[in-house]
Amino acid sequence: MDGRPVAPPRSRIEVPPDARDLPGDFACRQDIVVRFADTDAMGHVNNASYLTYFEIARVAYYEMVGGEPLPVGVHGVDEGMILAEARVTYRSPAFYGETLTVETRATRRGRTSFRLEHRLTAPRSRYGEARLVAVSESVLVTYDYRAERPIPVPPRLAAAMDAFEGRSLSE
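Residues numbered from 1 in each chain as written. Predicted model: local features only at pLDDT ≥ 70, side-chain atom pairs only at ≥ 80, totals over all residues. Heavy atoms only, no water.

(A) Region of interest: the overall build of the chain. Across its full length, the chain carries two helices and six strands. For the chain, the α and β elements follow one another from N to C terminus as β-α-β-β-β-β-β-α. In summary, the chain has a C-alpha radius of gyration of 17 Å against a globular reference of 16 Å for 171 residues, a match within 12%. Here the chain holds 171 residues, and the buried ones make up 42% of them. Considering only residue pairs separated by 6 or more positions, the chain has 69% of its internal contacts joining residues 24 or more positions apart. Computing the positive centroid from 22 side-chain charges and the negative centroid from 24, the chain places the two 3 Å apart. (Helix = DSSP H or I, 4+ residues; strand = E, 2+ residues; numbered from the N terminus. Rg over C-alpha atoms; globule rule 2.2 N^0.38 Å. Buried < 20%, exposed > 50% of the residue type's maximum accessible area, 1.4 Å probe, protein only. Contact = heavy atoms within 4.5 Å. Lys, Arg positive; Asp, Glu negative; His and termini not counted. Charge placed at Lys NZ, Arg CZ, Asp CG, Glu CD.)

See the structure below:
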């Protein structure tokens, strides 16, 4: 997490209004191409695939905020993050071949955890108009794998998240 991160420009993918949509703008975007393997017998994206899409977005968020690759729990990495909670609200189906966009932002940070929101949209395609596909909220816990316990969010990560979001995320 080198340098001095600043809050990047914010925007949002425009889709028709939906009462369950997340208000506000996002600075982190990740495109996801729907693979045939992501679909089920009904021809749309299987509900479990959405968790993978949000995982891809969480990693992209971490790497964009921190300016370095996500450390993974191999080759001597003792500390990292674990997913403690995930909630998904499905709004409309997605289909093979579409390029979906996941928008991600951090909303709160506690001593050992932080909360992310995700907004998944689909563009106008052969399947219809642009639309909100799903929204999600996840809680990540910074974790010591050797001691098998939560640890405080590293100060450099906390500062980088605050700078990226343009505000303090502390609870």
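(B) Local environment of a nonpolar patch on the surface. A cluster of nonpolar residues, Phe36, Tyr96 and Tyr127, forms a patch on the protein surface that exposes about 350 Å² of accessible area. Following the sequence through the fold, Tyr96 ends up in the loop between β2 (79-90) and β3 (99-109). Look at Tyr96 and you get partly exposed, because its relative accessible area is 42%. (Patch = residues over 30% accessible without salt bridge, like charges linked within 9 Å, V, L, I, M, F, W, Y side chains within 5 Å. Areas by Shrake-Rupley, 256 points an atom, 1.4 Å probe, with all protein chains shown as cover. Salt bridge = Lys/Arg side-chain N within 4 Å of Asp/Glu carboxyl O.)

(C) Spotlight on the nonpolar core. Within the largest apolar cluster, 16 residues are counted, with the highest numbers of intra-cluster contacts made by Tyr61, Phe114 and Met161. Looking at this core, the elements that each hand over two or more residues are α1 (47-66), β4 (113-122) and α2 (155-165). Broken down by element, the residue count for this core peaks at five residues, all from α2. (Core = buried A, V, L, I, M, F, W, Y, C linked by side-chain atoms within 4.5 Å.)

(D) Geometry of the environment of Ser11. Within the element layout of this structure, Ser11 appears in the segment before β1 (28-33). Each C-alpha atom, one on Ser11 and one on Phe26, is 5.6 Å from the other, the two residues being 15 residues apart in sequence. Those residues in contact with Ser11 that sit more than four places away from it in its chain are Asp25, Phe26, Arg29 and Glu103.

(E) Structural view of the side chain of Glu103. Looking at where Glu103 falls in the secondary structure, it is placed in strand β3. Within the local environment of Glu103, its side chain forms a polar contact with the backbone nitrogen of Ile13, the two atoms lying 2.9 Å apart. Here Arg119 takes part through its side chain, which lies 2.6 Å from a polar atom of the side chain of Glu103. Excluding residues within four positions of it along the chain, Glu103 makes contact with Ser11, Arg12, Ile13, Phe26, Cys28, Arg29, Glu117, His118, Arg119 and Thr121. (Polar contact = N/O pair within 3.5 Å; in protein donor to acceptor, adjacent residues only side chain to side chain.)

(F) Broad picture of the packing of α1 against α2. Remark: α1 packs on α2, axes separated minimally by 9 Å, with the N-to-C direction vectors making an angle of 95 degrees. Between α1 and α2, the interaxial angle falls into the category roughly perpendicular. Together, Tyr61, Tyr62, Met64 and Val65 of α1 and Leu157, Ala160, Met161, Phe164 and Glu165 of α2 make up the contact between the two elements. (Axes fitted to C-alpha atoms, helices over the stretch in contact; angles between N-to-C directions. Parallel < 35°, antiparallel > 145°, perpendicular 65-115°, else oblique.)

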